[in-house]
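As a plain string of letters, each chain reads:
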Amino acid sequence: LFSGLTAMEKKLAEYKCNTNEAIQLKLVRFPEDLEDENTTFNPEYSHQVFGDDEVAFGYKGLKILLYYIAGNLSTLFRIEYTSKVNEKFDCVEADDVESKIREIIPPGFCTNTDDFVSLLEKEVNFKPFGMLLHTYSIHNEEAGEDITYQIYKADMTCPGFREYHERLQTFLMWFIETASFIDVDDERWNYFLVFEKYNKDGATLFATVGYMTVYNYYVYPDKTRPRVSQMLILPPFQGEGHGAQLLETVHRYYMSSPTVLDITAEDPSENYVKLRDFVLVKLCQDLLCFSPVKLMQGFSQEMVTEAQQKLKINKQHTRRVYEILRLRATNMGDAEQSRSYRLDVKRRLIGPYKKKQRELAKMRRCLRPEEMTNQLNQIDLNLQREQLEESFQQLVSDYRRVLERLAQA
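- Looking at an unreviewed UniProt entry, one finds the protein chain named Histone acetyltransferase type B catalytic subunit and attributed to Copsychus sechellarum.
- According to the UniProt record, the Catalytic activity (unreviewed entry) comment for the protein chain reads "L-lysyl-[protein] + acetyl-CoA = N(6)-acetyl-L-lysyl-[protein] + CoA + H(+)".

**Here's the deal with the domain arrangement of the protein chain**
- Once the domains are mapped, the protein chain shows domain 1 (12-123) and domain 2 (127-328).
- If you average the C-alpha positions of domain 1 and of domain 2, the two centres end up 31 Å apart.
- Listed by partner, the interface residues are 28 residues for domain 1 and 26 residues for domain 2.
- Taken together, both faces of the contact between domain 1 and domain 2 bury some 2,400 Å²; the carbon and sulfur share is 65%.
- The largest per-residue losses of area from domain 1 upon contact with domain 2 belong to Arg29, Tyr45 and Gln48, which jointly make up 27% of the total buried on that side.
- Taken together, the links from domain 1 to domain 2 amount to 1 salt bridge.
- A salt bridge links Glu196 to Arg29; the nearest nitrogen and oxygen atoms lie 2.9 Å apart.
- At the boundary of domain 1 and domain 2, one finds 11 residue pairs in polar contact (both at pLDDT 80 or more).

**Describing the sheet that holds strand E11 (residues 189-200)**
- With respect to topology, 6 strands assemble into an open sheet ordered E9-E10-E11-E12-E13-E14, the strand pairing being mixed. What marks the edges here is a single partner per strand, and that holds for strand E9 (131-140) and strand E14 (264-265).
- Summarising the sheet, E11 and strand E12 (residues 203-219) pair through 12 bridges and their orientation is antiparallel. Within E12, the residue paired with Phe195 across the bridge is Thr208.

**Points about the UniProt feature "domain: Histone acetyltransferase type B catalytic subunit C-terminal" (unreviewed entry) in the protein chain**
- Residues annotated in UniProt with the feature "domain: Histone acetyltransferase type B catalytic subunit C-terminal" (unreviewed entry) correspond here to residues 276-327.
- Annotated as 73% helix and 0% strand, the span residues 276-327 places its first and last C-alpha atoms 17 Å apart.

**A look at the packing of aromatic side chains**
- Counted by the stated rule, this structure contains 22 aromatic pairs.
- Taken together, a centroid distance of 4.9 Å and an interplanar angle of 65° make the contact between Trp189 and Tyr215 edge-to-face. Residue Trp189 is found in strand E11, and its partner Tyr215 is found in strand E12; the two are separated by 26 residues along the sequence.
- Judged by its relative accessible area of 12%, Trp189 falls in the buried class.

**Remarks on the packing of helix H11 (residues 315-329) against helix H12 (residues 335-349)**
- Running from N to C, H11 and H12 point in directions that differ by 170°, and their axes come no closer than 11 Å. Considering their axes alone, H11 and H12 lie roughly antiparallel with respect to each other. Residues Arg319, Tyr322, Glu323, Arg326, Leu327 and Ala329 of H11 form the contact with H12, whose own contacting residues are Gln337, Ser340, Tyr341, Asp344, Val345 and Arg348.
- Split into classes, the residues belonging to the contact of H11 with H12 amount to 5 nonpolar, 2 polar and 5 charged.

**As for unusual backbone geometry**
- The omega angle of the peptide bond from Tyr220 to Pro221 is -5°, so this bond is cis rather than trans.
- Mapped onto the elements of the fold, Pro221 is located in the loop between E12 and strand E13 (223-233).
- Located in the positive-phi region is Leu73, a residue other than glycine, with phi close to 65°.
- The residue Leu73 is located in the loop between strand E6 (63-69) and strand E7 (75-80) in this model.

**As for the environment of Tyr253**
- Structurally, Tyr253 can be placed in helix H7 (residues 242-255).
- Sequence separation of Tyr253 and His134 is 119 residues, and the distance between their C-alpha atoms is 9.7 Å.
- In contact with Tyr253, not counting residues within four places along its chain, are Met131, Leu133, Lys153, Asn190 and Phe192.

**A word on the sheet that holds E7**
- Pairing in this open sheet of 4 strands is mixed, and the strands run E3-E2-E6-E7 from one edge to the other. Each of the sheet's edge strands pairs with one partner strand only, and the pair in question is strand E3 (40-41) and E7.
- Summarising the sheet, strand E2 (residues 23-28) and E6 pair through 6 bridges and their orientation is parallel. Its bridge partner being in E6, Ile23 is matched across the sheet by Ile64.
- Contacting E2, E6 and E7, helix H5 (residues 113-122) crosses the sheet at an angle of about 20° to E6.

**A short note on the pairing of strand E10 (residues 145-154)**
- Summarising burial for E10: 7 of the 10 residues are buried, a large majority.
- For E9 and E10, the ladder comprises 9 bridges, and the chain directions are antiparallel. The partner of Thr135 across the bridge, within E10, is Gln150.
- Bridging between E10 and E11 involves 6 bridges; their strand directions are antiparallel. Bridging across to E11, Gln150 finds its partner in Phe195.

Cut-offs and rules
- Position labels on residues start from 1 in each chain and follow its written sequence.
- Where totals are concerned, whole chains, interfaces and linings use all residues; where local detail is concerned, this predicted model gives features only for residues with pLDDT of at least 70, and gives and counts side-chain atom pairs only at 80 or more.
- Side-chain numbers here rest on the full set of heavy atoms in the structure, without hydrogens or water.
- UniProt positions are given in the numbering used here, feature names are shortened, and annotations may be inferred rather than shown by experiment.
- Each domain's extent was defined by an automatic or database domain assignment.
- Note on contacts: a residue pair qualifies if any of its non-hydrogen atoms lie within 4.5 Å across the two residues.
- Put simply, buried area is how much 1.4 Å-probe accessible surface two parts lose in total, over both of them, once they are put together.
- Salt bridges are identified by distance alone: a Lys or Arg side-chain nitrogen within 4 Å of an Asp or Glu carboxyl oxygen.
- N or O atoms closer than or at 3.5 Å make up a polar contact, with two conditions inside protein: a donor-capable atom paired with an acceptor-capable one, and, for residues adjacent in sequence, both atoms drawn from side chains.
- Two strands form a pair only when DSSP identifies at least two bridges running between them.
- Segments assigned H or I by DSSP are reported as helices when at least four residues long, segments assigned E as strands when at least two residues long, and all are numbered from the N terminus.
- For Phe, Tyr and Trp, rings pair up if their centres lie within 6.5 Å, where Trp contributes its six-membered ring, and each pair is then called stacked (planes under 30 degrees apart), edge-to-face (over 60) or tilted (otherwise).
- Relative accessible area decides the class of each residue, using a 1.4 Å probe on protein chains only: under 20% of the type maximum gives buried, over 50% gives exposed, and in between gives partly exposed.
- Angles shown run from 0 to 180 degrees and are taken between the N-to-C directions of axes, each axis being a line fitted to C-alpha atoms and, for helices, limited to the stretch in contact.
- Any angle that falls under 35 degrees is termed roughly parallel, while one over 145 is termed roughly antiparallel, one within 65 to 115 roughly perpendicular, and all others oblique.
- In this count, Pro and Cys sit with the nonpolar residues alongside Ala, Val, Leu, Ile, Met, Phe, Trp and Tyr, while Asp, Glu, Lys and Arg are called charged and the others, Gly among them, polar.

Right under this line is the structure:
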């Protein structure tokens, strides 16, 4: 019986597919892109659709094709496989892959290639939504030319945008670990979109590059505090500087509004923090309050006020900008200067520890001694120092990367 079970298990194991590999995404501009392996990319995550182990059961050679027309994102959805478990495997059923995908992609997709290709011919009529905020170009080595990109601000009143956004947001599921779809009927959402201009048979077409959603929180009595919610540059365009262009454009958009207090972000990823450091330092470096002389005198209220009033940057982010710019102005080879810098940053880092200590002192007054020792054992000063030094070194290496990028910009 036992050996029979393992044979069965072995057989079943062959019918497990990694969904991150099975899902094949494409942004299609030309019919020949459909056959071109190089235009295919895969999700980073599929756990939100297929569960934590990111596995689909019941198929061999499973391919879940999700192809999008580059501009308006009309979708082709097909499932292919070489074989599927059947009733011969007692009581074992294949996962319903199709309905799982249908839950996150809007209806109205194509299921065969011919329909999709005929839609591709209409793509020449697709134009970006909303208001043009910024145009920039990036030199493309491969193409040997400059490519032009544009950033637009859109909202749900733009004809066709609601449907387009439904197709666009499905990408979040594959590339943001904790993605969720937003309530588009709430009018306080702003949408910022990046498009590439490209040529096809002598016409100018637009391809979707990425986007950002921002929620306008109300602040009493008459201000708003925009909060960046989601930001995604699609994989074929990552690493080309579009994220920085987008974030800077969004900052500049809000900077011109007298009712905006400052800009925050919701639960930012590590990559987003690095991007924001770069963009904010780039914006701030020319402010008078960040002159080398003033940097050496330490973090000041003047910096907080000027960064907030002129650039809509909040206090916490201004503090990071200050530390990065001060690192640039500091000769770390000079013992006195580097010590002064280290103490300055560590003083901020120790804040949470100090808070913990105050809480302990409070507990000391109301806990019995044996409970107290238990609490105290959790905090060992040497460990604290080590952690502090580690955090400091990590920060400095992050900051140096920002400064390197700035030097190249």
